[in-house]
Amino acid sequence: MLVGGSSSGKTRACWEALRHLGSPWRVWHPLTATELLEGLRLVAGRPTPITHTVIWLNELQRYLLDPDRPTRTRTAAALRKVLSEPTAAPILILGSVWEERWGTLQTADHDQSRELLREAFIRVPEDIGASRPAAQRMARHDERWQLALEQQPDRPIQFLAGAAYLLERYEQATPAGRAVLDAVADARRIGAPSRLRLSFIEKAAHDYLSDVEWRNLPRDGRATWVRDIIHHTERGLALGMRGVDGPLREPRTADGQVGADDPLYELADYLEQYLRDNRSTIQPKDSVWAAAKMTTDPDRLGVMALRARVRGRFRVARALYEAAARAGDSKAWLEVARLFERAGDRKRAEQAYQRERAGDTASTVQPNEVAAAHNDWLALEDLGRGYELQGDKAAARDSYRKAAEAGSNTAWFRIIDLYLADGDPVGAEQLATEVACQGHATPWFALGRHHRDNGDLSAASEAFKAAAEVQILHRRRHSVVPASYMWMQLMRQEADEIESVRDLIGSEPTHPEVLPFVVHAWLRHSAGDRAGTLAAWTIVYRVVIRHGILDDFERMIPDRSIDSEAFQSTYEHLLETDNWRGLSVLGTLRYQIGDLAGSENVLHAAANRGHSDAMLRLAWLRVEAGDIPDAQRLCQEVYDKALRAKDANSLKNAARVWASMGDDRNAERACRQAFVREKSIHGIRGVSSWLGKEITERIAREIYVAALKDPKANNLGDLGDICAELGDDAGARIVDYAVKRGFYRALEDMGLHKEHDGDLVGAEAAYRDAAQFGAVDALLLAARMYLHSGNPNRAAAIYEEAYNKAVALEHMPTLIGLANSTENWTPGASSSARARQYLYGKLLLQNDGNALFELAEKFHMASDAVAAERCYRASIEAGGQAWLPARALVGISILREEADETEDARLLLLQATACGDAEPLYGPATGILLYPGTIARLAQLYINANDKCGARNLMKFGITAAGDPETSLKDFPGPANTQPE
């Protein structure tokens, strides 16, 4: 007997044990104690005893706890007699009983039962205990086990046993019961809290009971049907049995109170998961969204508003965002405004921007302050345009200023335009001067453009010069065209000035951003303006520090004394700002123009700040000066630092300095570590010229094999780099070295190298060698090589060979590679089609929804509509990423649209929209449209049907619960309080 609590797995354990008995064992399962007694009486009268029989007494209390004492006594005695009959052996009595019933059977009133069961029981633990690892292994392949371990980690068996009961309750529920459960499940789908008040459930369930079903309710219960179905004495959703809670349960609160008037309920976890999956393609009804407005938590309201928006319910989203704003989430007003802007209602959008946060009765918070608090410069720009349209230029300038300080460049242009439109150029220049100290160059740029367009080239030149100085001195990234370019364009209109500078320095400077400052410095120098020359030349130094060394720098110096002052000023500035990279560039620049002492001082300052590049440049100077010990010390410091920082470039540079000293051992050590950090041989070209071919080959061989060991390393092209640097013979030796150590992918690299060199025969031989060692997908490389070289027959034969080998060896990479070829005109089309069918069968067994979806797309691209739809639906059934059901439905809808089944395509898109796939998806960094969203696809269907009005309404207002285009974003009232008679 298995003894344990309810739903602890007793019956399942008995069934699993019976499965292993096999022939000649038989199972007898009497349903009642009377049937058991009668059967035993008949067996006792047979001339031949029963053997190899299991008497399965599931729920033992049915047989041994019969209310009639003589009956239960005779039953226990008959069972004891069967077990004591030697000719009946072997015989097994198997059963299960609850813990409390087992205690009853051990009392004196059940002496026959007690003797029967003496030492014949196994206690089933309430929790899994030591069996947890086995359960966790099951969870990797069975999502039911995974859910059970998540929800009840100590008692997953009880959870699984309860799951079947809960599904039974749902399937057998009355229409009213199912309506309540569906409404609560949909409320959870849209983000409602897990614990819901009865009043919330009553409102949410309103639309889930049809008018006919409502009329079938008792007349006196129509107003309270939700409350009645939850508390029904026999079928109440809050009632459970067999130790399992009902579909709706009252959660235990911290104070132990349940709330008699408006109690809390929560949906059973398993049933919630089941309904979430099975209702994912159904739009929540309006009554659920109306109930959502009862929520008072602004964060929760924001979540539900977002869930409405991604389902295309823009009207509902607007109502919920407004509720969130009134509850205290000021940012929600911005979402309301954007919905109105999407709908083309500029007036309502402006009103939304101007709404104060609900609940903030102490003060009125202006919308620009709300937007600024969230750093939303787009909203502030919109607000500024609104004030400008209303004629409030002061408020417009204030909003534009906040937008500009939050990151908008266009806002600076608007501010300058407002000043100039008012005839106040002085105010515009004062603003430009003020914000230039903060690093904002755009106002000066805007002024320069204005003066240029109005023909005042002198004022434009000064403005562009000021903007260029701000951009350079404050090291700002150019969000507009560098002002130095615009300044130079104006200078070029003064051809004589450019020609005079070109005559003085021999040619124009090569760097476009430095050119106007060099020209300006020479012009100031020619005019005897030492201060102007020094200011301009200091800017030239800053440009050089930012962009790198100019080869013609020494030739451009207008005056050595001015250059020394500019250098000293730049040096002190770099020290103050702790710009060690700039110090390194400055030191190299001074070395280039022959200032060895200045160069060493600057590089030493940068080296003391730990800049590796400066230390190495200083080491070069030490080598040239013959101070090898100090150069060795500097190289070793760089090496140690680069190892810690995994800085491959510094390691290679240190190796080069060591090589220049003739220290091959340290050079090889540093170079090897550099390539180890890079995990590839990229960048090896040129190394042998200073390290030597023998050492370079040794390093290349070791690092190449190390890269092959790393599955994430990209070795394509590495072998080509090696061969280009060391020759094909060295490459062949390295490949042979790798193959002998089991890295057969090296043969693929050799094949690619030979293919690149035009040796197709040698390339095929290398690919076949790789396939021989198990890399069957190397044959695909050989087939594509012949396809691209104009030999389709040879390509087709190798594709077929690759397919046959891949199936024989179940080599999935090759099959996936074949499946990826979706062009029906290619020589390998037949092999690709068979590979896709083979993969479909494999993935179906593995229940891999994501892989099935990818395969469906390959079928789709190959124009195999039947297989594509079958694969899409299999991916939905298998499950996977959250986006998968919606995208698979979109794929099927495209197939139907291609087959001119427009209505089916529309219904499928509506199902995808219900999954939360309505809105377009943009790249988070690039802003590029990655996915148009189902609303846009639905709109295209309406356009194709010449219903431009419907398409426009869809894009502006979204859809209704029935899937039709909305016509406005007007208030969303929800359903009426009662069903219509």
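Reading guide: rules and limits
Residues numbered from 1 in each chain as written. Predicted model: local features only at pLDDT ≥ 70, side-chain atom pairs only at ≥ 80, totals over all residues. Heavy atoms only, no water. Helix = DSSP H or I, 4+ residues; strand = E, 2+ residues; numbered from the N terminus. Buried < 20%, exposed > 50% of the residue type's maximum accessible area, 1.4 Å probe, protein only. Contact = heavy atoms within 4.5 Å. Areas by Shrake-Rupley, 256 points an atom, 1.4 Å probe, with all protein chains shown as cover. Pairing = 2+ DSSP bridges. pLDDT = per-residue confidence, 0-100. Salt bridge = Lys/Arg side-chain N within 4 Å of Asp/Glu carboxyl O. Phe/Tyr/Trp six-rings, centres within 6.5 Å; stacked < 30°, edge-to-face > 60°. Lys NZ or Arg CZ within 6 Å of the ring centre and 35° of its normal. Core = buried A, V, L, I, M, F, W, Y, C linked by side-chain atoms within 4.5 Å. Axes fitted to C-alpha atoms, helices over the stretch in contact; angles between N-to-C directions. Expected span 1.5 Å × (residues − 1). Parallel < 35°, antiparallel > 145°, perpendicular 65-115°, else oblique. Nonpolar A, V, L, I, M, F, W, Y, C, P; charged D, E, K, R; others polar. Left-handed = near helix turned anticlockwise from the far one by under 90°.

1. Some points on the overall build of the protein
Inference 1: In terms of regular secondary structure, the protein is built from 54 helices and 10 strands.
Inference 2: Residue burial in the protein is summarised as follows: out of 981 residues, 48% are buried.
Inference 3: Of the contacts formed within the protein by residues at least 6 apart in sequence, a portion of 60% connects residues at least 24 apart.
Inference 4: Just so you have it, the protein exposes about 47,000 Å², and 50% of that area is on carbon and sulfur atoms.

2. Focus on the pairing of strand 3 (residues 53-57)
Inference 1: Of all 5 residues that make up strand 3, 5 are buried, and the element is covered over most of its length.
Inference 2: The alternating pattern of strand 3 places Thr53, Ile55 and Leu57 and Val54 and Trp56 on opposite faces, both of which are buried.
Inference 3: Both strand 2 (residues 26-28) and strand 3 contribute to a ladder of 3 bridges, which runs parallel. When the bridges of strand 3 are listed, Trp28 appears paired with Ile55.

3. Observations regarding the confidence of the model for the protein
Inference 1: Across the protein, the average pLDDT comes to 78, with 81% of residues at or above 70.
Inference 2: Scored below 50 in pLDDT, residues 356-374 shows 35 contacts in the model against residues more than four places distant or in partner chains.
Inference 3: Confidence over residues 975-981 falls short of pLDDT 50; this stretch has 19 contacts with residues more than four positions distant or in other chains.

4. Section: the pattern of salt bridges
Should the charged atoms of two oppositely charged side chains come close, the side chains can pair.
Inference 1: A complete count under the given rule lists 42 salt bridges for this structure.
Inference 2: Where Arg12 meets Glu16, a salt bridge forms, and the shortest distance between an N and an O atom there is 3.0 Å. Placement of both Arg12 and Glu16 in helix 1 (residues 10-19) is noted, with a separation of 4 residues, approximately one turn of the helix.
Inference 3: On the basis of relative accessibility, which here comes to 24%, the residue Glu16 falls in the partly exposed class.
Inference 4: As a salt-bridge pair, Arg633 and Glu637 come within 2.7 Å of each other at their nearest N and O atoms. Here Arg633 and its partner Glu637 are both found in helix 36 (residues 628-645), 4 residues apart, which amounts to about one turn of the helix.
Inference 5: Note on Arg633: relative accessible area 39%, which makes it partly exposed.
Inference 6: Each of Glu764, Arg768, Arg794, Glu801 and Lys805 takes part in salt bridges that share partners, so that together they form one network.

5. A look at the packing of aromatic side chains
Inference 1: Considering all chains together, one arrives at 4 aromatic pairs under this definition.
Inference 2: An aromatic cluster of at least three residues, connected via ring pairs, comprises Phe853, Tyr872 and Trp883.
Inference 3: The aromatic ring of Tyr419 is capped on one face by Arg397, whose charged end is 4.9 Å from the ring centroid.
Inference 4: The ring of Tyr840 has Arg870 sitting right over it, with the charged end atom 4.7 Å from the ring centre.

6. Focus on the nonpolar core
Inference 1: Counting 228 residues, the largest nonpolar core has Val180, Trp225 and Leu320 as its most contacted members.
Inference 2: When sequence neighbours within four positions are dropped, the list of residues in contact with Val180 reads Ile201, Ala205, Trp225, Val226, Ile229, Leu237 and Leu248.

7. As for the sheet that holds strand 4 (residues 91-98)
Inference 1: With parallel pairing, the 5 strands of this open sheet are ordered in space as 2-3-4-1-5. The strands lining the two open edges of the sheet, one partner per strand, are strand 2 and strand 5 (122-123).
Inference 2: Of the strands in this sheet, strand 2 and strand 3 touch helix 2 (residues 33-44), which is tilted by about 130° from strand 2.

8. With respect to the sheet that holds strand 8 (residues 264-267)
Hydrogen bonds along the backbone pair up the strands of a sheet, which may run parallel or antiparallel.
Inference 1: One open sheet accounts for 3 strands, arranged 6-8-7; its pairing is antiparallel. Only two strands of the sheet have a single partner each, and these edge strands are strand 6 (196-197) and strand 7 (248-249).

9. Points about helix 51 (residues 884-898)
Inference 1: With 15 residues, helix 51 extends 21 Å from end C-alpha to end C-alpha; this agrees with the ideal 21 Å at 1.5 Å per step.
Inference 2: Within helix 51, 11 of the 15 residues are buried, leaving the element largely enclosed by the surrounding structure.
Inference 3: Considered for burial, the residues of helix 51 that qualify are Leu884, Ala886, Arg887, Ala888, Leu889, Val890, Gly891, Ile892, Ser893, Leu895 and Arg896.
Inference 4: Backbone geometry just after helix 51 places Asp900 at a positive phi near 65°.

10. Overview of the pairing of strand 8
Inference 1: Where burial is concerned, the two faces of strand 8 agree: the one with Leu264 and Glu266 and the one with Tyr265 and Leu267 are both buried.
Inference 2: Looking at chain direction, strand 7 and strand 8 are connected through 2 bridges and run antiparallel. In the strand pairing of strand 8, Arg249 is matched with Glu266.

11. Examining the packing of helix 10 (residues 175-189) against helix 14 (residues 269-278)
A pair of packed helices can be characterised by two numbers: the angle between their axes and the separation between those axes.
Inference 1: Between helix 10 and helix 14, the least distance of the axes is 9 Å, while the angle of their chain directions is 80°. Classified by the angle their axes make, helix 10 and helix 14 are roughly perpendicular. For the pair formed by helix 10 and helix 14, the contact residues are Leu181, Asp182, Ala185, Arg188 and Arg189 on the first element and Leu271, Glu272, Leu275 and Arg276 on the second.
Inference 2: Among the residues forming the contact of helix 10 with helix 14, the class breakdown is 4 nonpolar, no polar and 5 charged.

12. With respect to the packing of helix 48 (residues 829-846) against helix 49 (residues 849-861)
Inference 1: Contact geometry for helix 48 and helix 49: axes closest at 10 Å, N-to-C directions at 160°. On the basis of the axis angle, helix 48 is roughly antiparallel to helix 49. For helix 48 against helix 49, the interelement crossing comes out left-handed. Across the interface between the two elements, Arg836, Gln837, Leu839, Tyr840, Leu843 and Leu844 of helix 48 pack against Ala851, Leu852, Leu855, Lys858 and Phe859 of helix 49.

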